[in-house]
Each structure stands twice: as structure tokens, then as C-alpha cells.
Amino acid sequence: DYSDYKNIMIVGHNPGLEELVNSLSNRSKKFPTAALAVFDVEENSKAKPLVLGDHPKLSGMWKPKEL
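Heads up: these notes are all about the structure in this document.

**A look at helix 1 (residues 16-25)**
Item 1. The set of residues buried in helix 1 consists of L17, E18, V21, N22, L24 and S25. Buried residues along helix 1 cover an arc of 165 degrees about the axis, so they all sit on one side.
Item 2. Of the surrounding secondary structure, the elements contacted by the buried residues of helix 1 are strand 1 (36-40) and strand 2 (57-62).
Item 3. Looking at the residues trailing helix 1, positive phi occurs at N26, about 60 degrees.

Right, dumping it as C-alpha cells:
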């Protein structure tokens with residue numbers, strides 16, 4: 001049960017991480033090495049887990065030179 005977690009960090013590498021970010025955001029963006037993406041997921045009083053097809057809001061994406 002992940003309902004106790006407020007933040008989750010996923011660390012990975014391409015092409016898998018780029019595919020995950022694009023799939024979650026329902027967009028197609030280049031995700032270079034060492035980039036950072038932040039997603040906001042709506043809290044649900046029933047602690048409904050994020051399921052395939054849900055699209056959390058991409059609240060920010062930064063390339064290494066912007067960090």
C-alpha cells in the first residue's frame with residue numbers, strides 16, 4: 001500500500017525513462033540525460049492508486065543546464 005507516501009522519486013535512464021515521462025504526461029518530449037521531471041498527482045480520499053491510462057500533471061521539466 002503506497003497511500004502513506006507523499007513523494008516518490010524514480011531514477012533511471014533512456015530510452016525507458018523518456019518513454020515513462022512521455023507516457024505519464026501524454027506528451028512527446030525529448031528527455032535528455034540527467035533531466036528532471038516533476039509530476040503532481042491528485043490526492044484521492046480513497047487512496048486510489050495511479051493506474052495505466054491516468055495522466056498526472058507534468059508540473060515541470062528541467063534539462064541539466066537549467067538545474
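We are not done yet, so read on.
**Quick notes on unusual backbone geometry**
Item 1. That bond from N14 to P15 is cis: its omega, 10 degrees, falls within 30 degrees of zero.
Item 2. In this fold, P15 is placed in the segment before helix 1.
Item 3. The phi angle at A34 is positive, at roughly 70 degrees, despite the residue not being glycine.
Item 4. Topologically, A34 is positioned in the loop between helix 1 and strand 1.
Item 5. A relative accessible area of 55% places A34 in the exposed class.

About the cut-offs
Residues numbered from 1 in each chain as written. Predicted model: local features only at pLDDT ≥ 70, side-chain atom pairs only at ≥ 80, totals over all residues. Heavy atoms only, no water. Buried < 20%, exposed > 50% of the residue type's maximum accessible area, 1.4 Å probe, protein only. Helix = DSSP H or I, 4+ residues; strand = E, 2+ residues; numbered from the N terminus. Arc of directions from axis to C-beta. Contact = heavy atoms within 4.5 Å.

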